[in-house]
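Inside the fold
Spelled out, the chains give:
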Amino acid sequence: MKIAIASGKGGTGKTTLSTNLASFMAEKRDVVLSDLDVEEPNSGLFLKSELFFAEDKFKMIPEWNNVDCTLCGKCQDVCNYHAIIQIVDTIMVFPELCHSCFACSELCPTNSLPMGQKKMGELQHFKTSTFDFIESKLLIGEEQAVPLIKQTLDYVDENFSTDVVKIYDSPPGTSCPVIEATKDADFIILITEPTPFGLNDVILAIDTMKELKKDFAIVINRYGIGNDDILKYCDENNIPIIGKIPNQRAIAELYSKGELLYDKIPEVKTELENIVSYLESHILK
Amino acid sequence: MKEIVVISGKGGTGKTSITASFAVLAGDDVVVADCDVDAADMHILLQPENIKSEDFYSGELAVIDEDACIQCGKCFDVCRFDAVEVINDVHTINELSCEGCGYCARVCPTEAITNEPLNVGKWHVANTRFNQPFVHAKLGIGADNSGKLVAQVKNIAKETANKNNKPYVLVDGSPGVGCPVVSSLSGAHFVVLVTEPSVSGLHDLKRVYELVKKFRIKAGCIINKADINKDIASEILEFLKEEDIVHLSNLPYDETFTKAMTDCKTIVEIDDSKIKEAISESWEKIKEILN
Ligand code: SF4
Ligand code: SF4
Ligand code: SF4
Ligand code: SF4
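A brief structural summary. Quantities reported herein were computed from a predicted structural model and do not represent experimental measurements.

1. Observations concerning the sheet that holds strand β6 (residues 115-127) of chain A
Across a sheet, paired strands are connected by hydrogen bonds in the backbone, their directions being either parallel or antiparallel. Residue and element names in this part refer to chain A. Spatial ordering of the open sheet is given by β3-β6-β7-β2-β8-β1-β9-β10-β11, a layout of nine strands whose pairing is mixed. Among the strands making up the open sheet, the edge pair consists of β3 (50-62) and β11 (241-246). Each strand axis lies, on average, 20° off the axis of its neighbour in the sheet, ignoring direction. Summarising the sheet, strand β2 (residues 31-35) and strand β7 (residues 132-138) pair through four bridges and their orientation is parallel. Looking at the pairing, S34 lines up with I134 of β7. Contacting β9 (187-192) and β10 (216-223), helix α6 (residues 196-211) crosses the sheet at an angle of about 165° to β9.

In structure tokens:
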């Protein structure tokens, strides 16, 4: 069972929900939480855990070997991203622009561009007292999150059986990284705030999930601020709202310290129970 | 013309509300650009009227001509993005997975594959309710290349500023540290970092500042909800000192912030708020630094 937690924009409580839900569910089930927001992974700040395993993650880029190269120019011609160019008698590769498509390497007539590894980030596997936690972090300056998200998902699939509940803290937005993080999930929880910004962004997220033909539901964070427009919208469009996390200064303060909420704020625990019972009746067997 | 970019690393720190407030304070002196093309929100506060809209094409998408295809499987073999799918022995392209690398078209023996330009979104030139030029965009669902759309929005905003002799371009930047924010930052004269005193706020601030440093852009910082965690607020101040980042102001935790947004207004339009004073002060400091 794979559950992705996503939102149209950042800062609506994705990480809060992911970490609290993972801890709460781990009281009764086997759980692994993965932070797929590889540009700004944050979940780890809220969990007391020990490092269990770490590895560097690589992307493949061509490496020029000048011995046999005839300077035919084919590599430059086939690269759609201008990541490899010929400057006088040298072939130069721009790793940040390369999408690792292998075209230049495999189409080079003299085999002068073998693909080699370049580090793009790190994966870390932690254990808390009750569940496993995976986090990947993109190196600063690396522009493409998708390959690292893909490799992180592969790691989770290889190391955890299908019986384990897999929770993904997805990147924000509606573009390529969030598609990569959610396209494999069985169920998506979209978290939003009851404000005009929140509504605008969650509608984009809803459209994305519909486009992907995903089963999803809404959780409202900071319930009590703003207005009722999100309730009306969900009602009109038959979208289930499965939890409402209240707006409290105490929550903002606990969050600021990097602490979990549900063991200290009973209302949050009640909402988690509601969310889990919805998941149980809908998707968890 | 000076370009000011507001970023925050993570969302939800009040970045857009603060940028819109700067826009109001700048009045006639500014062209505003919303570069958070993934989840654009500034139009909610500035209520622009579009005067010009254009489709934006970037990158390509492989398309197979079924009649010409002999189902040889070469495209499937070379595609590194699992974008070629074989359904009932028929080869098709999964549009969401295709990265437009063009490799398949180069190896197809019957030239059945063409690369078509990809529409990744739309950009608009508009007028805000304060009658300021406003450039914004909407990325298509699941589109790649948001960095290129960000670059386009910025270019149009700069052109508009030059044409109309506006001294400032004010940019609501993208979240994260990846390609869209790299595009948001390139060419900027000043970066405003909006953060909040939480463990994650500080963590993201440090991470995004690593990127800002690579561009060697002068930066200032606004600490929103500064009173929610005094310890981390002072840690942030220390970090600012170490890195020589200008501390622009502290904003208190105040429900007016959300109330203003709920009424689709900027905070500086709400009278007598402490936040209004602090934001005005920040804007004056930025102008001083730039001139
Ligand atoms: S395709 Fe191969 S042989 Fe031709 S210029 Fe490139 S590296 Fe050299
Ligand atoms: S692997 Fe593909 S993207 Fe990278 S340089 Fe070669 S052709 Fe360009
Ligand atoms: S390579 Fe060309 S002919 Fe062969 S399966 Fe692909 S599209 Fe069809
Ligand atoms: S263009 Fe590249 S990514 Fe798209 S289907 Fe062809 S080989 Fe795959």
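2. Here we look at the interface of chain A and chain B
For interface size, the figure often reported is the accessible area lost on association. Taken together, the contact between chain A and chain B spans 58 residues of the former and 60 residues of the latter. Carbon and sulfur atoms make up 55% of the area that chain A and chain B hide from each other, which totals about 4900 Å². It is E40, I140 and F197 of chain A in chain A that bury the most area against chain B; as a group they hold 16% of the surface buried on that side. Linking chain A with chain B are three salt bridges. In this structure, R249 of chain A engages D227 of chain B in a salt bridge whose closest nitrogen and oxygen atoms are separated by 4.0 Å. Scanning the region where chain A abuts chain B turns up 21 residue pairs in polar contact (both at pLDDT 80 or more). Mapped by element, the contributors of at least two residues to the side of chain A that touches chain B are α2 (74-78), α3 (103-107), β7, α5 (176-182), α6 and α8 (249-256) of chain A. The dominant element in the side of chain A that touches chain B, judged by the number of residues it contributes, is α6 of chain A, at eight residues. Broken down by class, the residue content of the side of chain A that touches chain B amounts to 22 nonpolar, 19 polar and 17 charged.

3. Remarks on the pattern of salt bridges
All names here are of chain A. This model, assessed by the stated rule, comprises 29 salt bridges over all chains. Notably, a salt bridge pairs K232 with D229, separated by 3.8 Å at the nearest N-O pair. Placement of the pair is K232 and D229 together in helix α7 (residues 229-236), with a separation of three residues, close to one helical turn. Owing to a relative accessible area of 49%, K232 belongs among the partly exposed residues under this scheme. Counted as one network, the salt bridges with shared partners bring together K2, D157 and D184.

4. Topic: the layout of surface pockets
Estimates place the volume of the second largest pocket at around 340 Å³. For the second largest pocket, the lining is made up of 17 residues, of which S100, P147, K150 and Q151 of chain A together with R80 of chain B are closest to its centre. Elements with a contribution of two residues or more to the lining of the second largest pocket: β3, β6 and α4 (146-159) of chain A. A per-element tally of the lining of the second largest pocket places α4 of chain A first, with five residues. Looking at the lining of the second largest pocket, its residues break down into seven nonpolar, five polar and five charged.

About the cut-offs
- Residues numbered from 1 in each chain as written.
- Chains lettered and ligands numbered in written order.
- Predicted model: local features only at pLDDT ≥ 70, side-chain atom pairs only at ≥ 80, totals over all residues.
- Heavy atoms only, no water.
- Pairing = 2+ DSSP bridges.
- Helix = DSSP H or I, 4+ residues; strand = E, 2+ residues; numbered from the N terminus.
- Axes fitted to C-alpha atoms, helices over the stretch in contact; angles between N-to-C directions.
- Contact = heavy atoms within 4.5 Å.
- Buried area = accessible area lost by both parts, 1.4 Å probe.
- Salt bridge = Lys/Arg side-chain N within 4 Å of Asp/Glu carboxyl O.
- Polar contact = N/O pair within 3.5 Å; in protein donor to acceptor, adjacent residues only side chain to side chain.
- Nonpolar A, V, L, I, M, F, W, Y, C, P; charged D, E, K, R; others polar.
- Buried < 20%, exposed > 50% of the residue type's maximum accessible area, 1.4 Å probe, protein only.
- 1 Å grid on protein atoms, 1.4 Å probe; cavity = no way out; pocket = protein on both sides within 12 Å on 5 of 7 lines; lining within 4 Å.
- Points joined across faces, edges and corners; volume = space filled by probe spheres on them.

None of the figures reported here should be taken as evidence of function without further support.
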